[in-house]
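Coordinate inspection notes
Spelled out from the first residue to the last, the chains are:
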Amino acid sequence: MTTIAPSRRLGYSDLYLDFVAGHDGAATFYPGRSGAEIARQIDQRSFDRPRLVEILRRQNQRYEADGRAISSLESLADQQTLCVFAGQQAGLFGGAYLSLVKAFGIVKAAHRFTDELGRSVIPIFWIAGDDHDFAEANHTYLMGRSGDLVRVAYDAEPDRDAPTGRIQLDDTAALEQAKATLRDTLGSTDFTNDLYDAVERSYRPGVTMVEAFGHFMAWLTRGTGLVFFSPADPEAKALARPFFHAVLDHQEAIHQRTTESNAAIERAGYHLQVHKDPNHTHLFYDCYGRKPVLRSGTALTCDNRTLTLDDIRSEIDRTPESFSPDVMLRPVFQSWLFPVLSQHGGPAEIAYLAQLNPLFDLFDRPAPIHRQRPTVSLIEPRIRQLMDDYSVSFDDLLGDFEQTINRVLADSFPADLDLEAEELKADVRSRIEHFIAESLRFDSGLQTFAEQTKGKIDHLLKQFEGKLFATHKKKSQQTRDRLYRISSALYPERTLQERVMNISMFIAKYGYRVVDQLRDQLDVTTADHQLLTILPGDDQ
């Protein structure tokens, strides 16, 4: 495996780059405590572990999680057990495979923390069931046979702006069309029967997007002990009533601390990852669609409704499942529910955690250790061979790729061949003209035949030159097509492959062993972007 150092070329912000480099300017916005110290602070707080175990057990059994995952979540009943978290929205068929990278990242991180602290640390994947961006979650991408991106989508717009935890896959025709596109794109291989069976078991008419995602991800991560959790669960929301009330109680303090934190980040020369309406309460209320609750003087508004503080409190007590925190408070909510030792996120997540870290102690929770999640690109053997053939590196993809193409084309055709062709034609013409002149002194009657011969030779030379450059043009187009295929495979839509591609396309070609290889070789200790070449098997 090779790696690429983190840089702006990968689309990373200065704050994230300084964070992973350990620069003091960024470090001030993140907790600098050790895992042991955060564990001691967590031990001083109370969590409703029995109810959490009940909720996790019920959810994961619904996802058909294996025995190791159930055993893992059961250990949360022990007061000594801590958690490592990562999360993602419930994308169709698992969404982009960064979800899998995040999942395996926290599995490995949990093992490392367990060894470090000498106590149980379990990995929990937060399925963003409160997220209501249906347009982001309803599709995924595969690479078609011709190297083009194929969008696979469940195109059945919900009748209201509901969280994905409540959106059911109840349009059978749209669901079957999504599955048909998946099958048509991937075709039939030695590995697709198991894959399509998992898709059918997970994505069934009537289940929610979250349940389908959890079911499919549980199949992908079997044997790892990974636990899944969706906050959209009504019982989890009932447990969260005190948290929602506390959000209302701390409105002024939340506003003041985020304002101060944002100002400090900007003074340090960094840009803000998240910009919020200063009147936002950081709560959403699902009333005929998930809408933000905003402050308006002494009143509160939600969509077109004006509510009093008492109205909102009554609704929290009556229907807590209708409420959810926004992106700024979601990590705090996570730590309020669970004994979170560490939170793992990508560049954008790490950047916005800097804005909200001052909020944890308002809710009597220590800010967890923040760790960057691993990032990876999967390189198929045939793509690796093309990269080697044309001396193209991953770094070449990140810049102006047309320059790389021009460099390869220039290297593939002798630069002086055009000059040599012109010199050859001039030399042949000169020699023929000299020979004809000498011949005509011997017999002037050969004039007509001599001119015809000269014309034929000149024509044949031009014809040869034309065929030579036509062949070069054809080969150049083939080279261009192959180079664009490398770019499409590894840097689709000018972004990292893991943010676009679905893991199913790799499973269809190489079997579940590609998932095993990703899990086994993933390095969670580095911020470098990892380039993992898929190992060919005996069946390849």
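Residues numbered from 1 in each chain as written. Predicted model: local features only at pLDDT ≥ 70, side-chain atom pairs only at ≥ 80, totals over all residues. Heavy atoms only, no water.

**Some details on the pattern of salt bridges**
- One pass over the structure, following the stated rule, counts 30 salt bridges.
- Of the charged contacts in the structure, one is a salt bridge between Arg9 and Asp395, with a shortest N-O distance of 3.4 Å. Note that Arg9 is positioned in the loop between strand E1 (2-4) and helix H1 (14-21) and Asp395 in helix H18 (residues 394-398), a separation of 386 residues in sequence.
- For Arg9, a relative accessible area of 39% corresponds to the partly exposed category.
- One salt bridge in this structure joins Asp396 and Arg407, with 3.4 Å as the shortest N-O distance. Of this pair, Asp396 sits in helix H18 while Arg407 is found in helix H19 (residues 401-412), placing the two residues eleven residues apart along the sequence.
- Under the relative-accessibility criterion, Arg407 is labelled partly exposed at 29%.
- Bridged by salt links that share partners, the residues Glu176, Lys179, Arg183 and Glu200 form one connected network. (Salt bridge = Lys/Arg side-chain N within 4 Å of Asp/Glu carboxyl O. Helix = DSSP H or I, 4+ residues; strand = E, 2+ residues; numbered from the N terminus. Buried < 20%, exposed > 50% of the residue type's maximum accessible area, 1.4 Å probe, protein only.)

**Concerning the sheet that holds strand E11 (residues 323-325)**
- The five strands are arranged E10-E9-E8-E7-E11 in an open sheet whose pairing can be described as antiparallel. Pairing within the sheet leaves two strands with one partner each, and these edge strands are strand E10 (305-307) and E11. Within the sheet, the average angular offset between the axes of one strand and its neighbour, ignoring direction, is 35 degrees. (Pairing = 2+ DSSP bridges. Axes fitted to C-alpha atoms, helices over the stretch in contact; angles between N-to-C directions.)

**Thoughts on the sheet that holds strand E15 (residues 529-533)**
- If you trace the three strands from one edge of the open sheet to the other, you get E1-E15-E14, paired in mixed fashion. The open sheet terminates on both sides in strands that have one partner only, identified here as E1 and strand E14 (375-379). Ignoring strand direction, the axes of neighbouring strands in this sheet form an average angle of 25 degrees.
- The sheet contact formed by E1 and E15 spans three bridges and is antiparallel. If you follow Thr2 over to E15, its bridge partner there is Leu531.
- The strands touched by helix H17 (residues 381-390) are E1, E14 and E15; relative to E14, the strand with the most contacts, the crossing angle is about 85 degrees.
- On top of the sheet, helix H23 (residues 513-521) reaches E14 and E15; it is set at about 140 degrees to E15, its chief contact. (Contact = heavy atoms within 4.5 Å.)

**Some words on H17**
- For H17, the complete set of buried residues consists of Ile383, Leu386, Met387 and Tyr390. Around the axis of H17, the buried residues are gathered within 100 degrees of arc, so they sit on the same side.
- At the C-terminal side of H17, Ser391 shows a positive phi close to 55 degrees. (Arc of directions from axis to C-beta.)

**Overview of the environment of Leu337**
- By secondary structure assignment, the location of Leu337 is in helix H15 (residues 330-337).
- Distance in space between the C-alpha atoms of Leu337 and Leu98 is 25 Å, their sequence separation being 239 residues.
- Not counting residues up to four positions away in its chain, the partners in contact with Leu337 are Phe47, Leu52, Trp126, Phe229, Ala236 and Leu239.

**A few points about empty space enclosed by the protein**
- Inspection of the entire model under this criterion finds four cavities of 30 Å³ or more.
- For the largest cavity, the lining is made up of 13 residues, of which Asp130, Pro163, Lys237, Glu321 and Ser324 are closest to its centre.
- Per-element tally for the lining of the largest cavity: the top contributor is strand E7 (residues 280-286), with three residues.
- Within the lining of the largest cavity, the residues separate by chemical class into five nonpolar, two polar and six charged.
- Here the second largest cavity defines a volume of roughly 50 Å³.
- As for the second largest cavity, its lining consists of Asn60, Ala65, Asp66, Ala69, Ala218, Thr221, Arg222, Gly223, Thr224, Gly225, Leu226 and Phe228.
- Residues of the lining of the second largest cavity, tallied by class, amount to five nonpolar, five polar and two charged. (1 Å grid on protein atoms, 1.4 Å probe; cavity = no way out; pocket = protein on both sides within 12 Å on 5 of 7 lines; lining within 4 Å. Points joined across faces, edges and corners; volume = space filled by probe spheres on them. Nonpolar A, V, L, I, M, F, W, Y, C, P; charged D, E, K, R; others polar.)

**A few points about the packing of aromatic side chains**
- Counted under the stated rule, the structure contains 25 aromatic pairs.
- A centroid spacing of 6.5 Å and a plane angle of 85 degrees characterise the contact between Tyr63 and Phe228, whose relative ring orientation is edge-to-face. Taken together, the positions of Tyr63 in the loop between helix H4 (49-62) and helix H5 (67-74) and Phe228 in strand E6 (residues 227-229) put the pair 165 residues apart, joining distant regions of the chain.
- Its end group placed over the ring of Tyr512, Arg222 keeps NZ or CZ at 3.8 Å from the ring centre.
- The positively charged end of Arg330 is found above the aromatic ring belonging to Trp126, 5.2 Å away from the centroid. (Phe/Tyr/Trp six-rings, centres within 6.5 Å; stacked < 30°, edge-to-face > 60°. Lys NZ or Arg CZ within 6 Å of the ring centre and 35° of its normal.)

**What about the nonpolar core?**
- In this structure, Phe338 and Phe363 are the most contacted members of the largest nonpolar core, which totals 161 residues.
- A per-element tally of this core places helix H6 (residues 98-117) first, with ten residues.
- Those residues within four positions of Phe338 in sequence are excluded, and the remaining contacts are Phe47, Leu52, Leu56, Leu76, Cys83, Phe85, Ile124 and Phe229.
- One finds Val428, Ile436, Ala450 and Leu461 within the second-largest nonpolar core, a separate group that totals six residues. (Core = buried A, V, L, I, M, F, W, Y, C linked by side-chain atoms within 4.5 Å.)

**A short note on the layout of surface pockets**
- If you add up the space inside the largest pocket, you get close to 1,300 Å³.
- Among the elements of the structure, strand E2 (82-88), H6, strand E4 (139-143) and helix H16 (347-356) are those that each provide at least two residues to the lining of the largest pocket.
- It is H16 that provides the largest number of residues to the lining of the largest pocket, a total of five residues.
- Of the residues in the lining of the largest pocket, the class split is 16 nonpolar, 15 polar and eleven charged.
- Considered as a void within the structure, the second largest pocket measures approximately 280 Å³ in volume.
- Forming the boundary of the second largest pocket are 13 residues, of which Arg62, Gly165, Thr208, Ala232 and Asp233 lie nearest the centre.
- Taken together, the elements giving at least two residues each to the lining of the second largest pocket come down to H4 and helix H10 (209-220).

**Re the environment of Tyr141**
- Mapped onto the secondary structure, Tyr141 falls in strand E4.
- Overall, Tyr141 belongs to the partly exposed group, its relative accessible area being 26%.
- Along the primary structure Tyr141 and Met501 are separated by 360 residues, whereas in three dimensions their C-alpha atoms are 5.2 Å apart.
- Once residues within four sequence positions are removed from consideration, Tyr141 is found in contact with Leu149, Val150, Arg151, Val500, Met501 and Asn502.

**Section: the side chain of Asp18**
- Structurally, Asp18 can be placed in helix H1.
- Nearest to the buried, unbridged Asp18 among oppositely charged side chains is Arg8, at 8.1 Å. (Lys, Arg positive; Asp, Glu negative; His and termini not counted.)

**Digging into the pairing of strand E12 (residues 340-345)**
- Of all six residues in E12, six are buried, a share of seventy percent or more.
- The pairing of E2 with E12 spans three bridges and is classified as parallel. By the bridge assignment for E12, Phe85 is matched with Gln343.
- Direction of pairing for E12 relative to strand E13 (residues 369-372): parallel, over a ladder of four bridges. Opposite Ser342, over in E13, you have Ile369 as the bridge partner.
- The handedness of the E12 to E13 crossover, carried by H16, is right-handed. (Right-handed = clockwise from strand over helix to strand, strands pointing away.)

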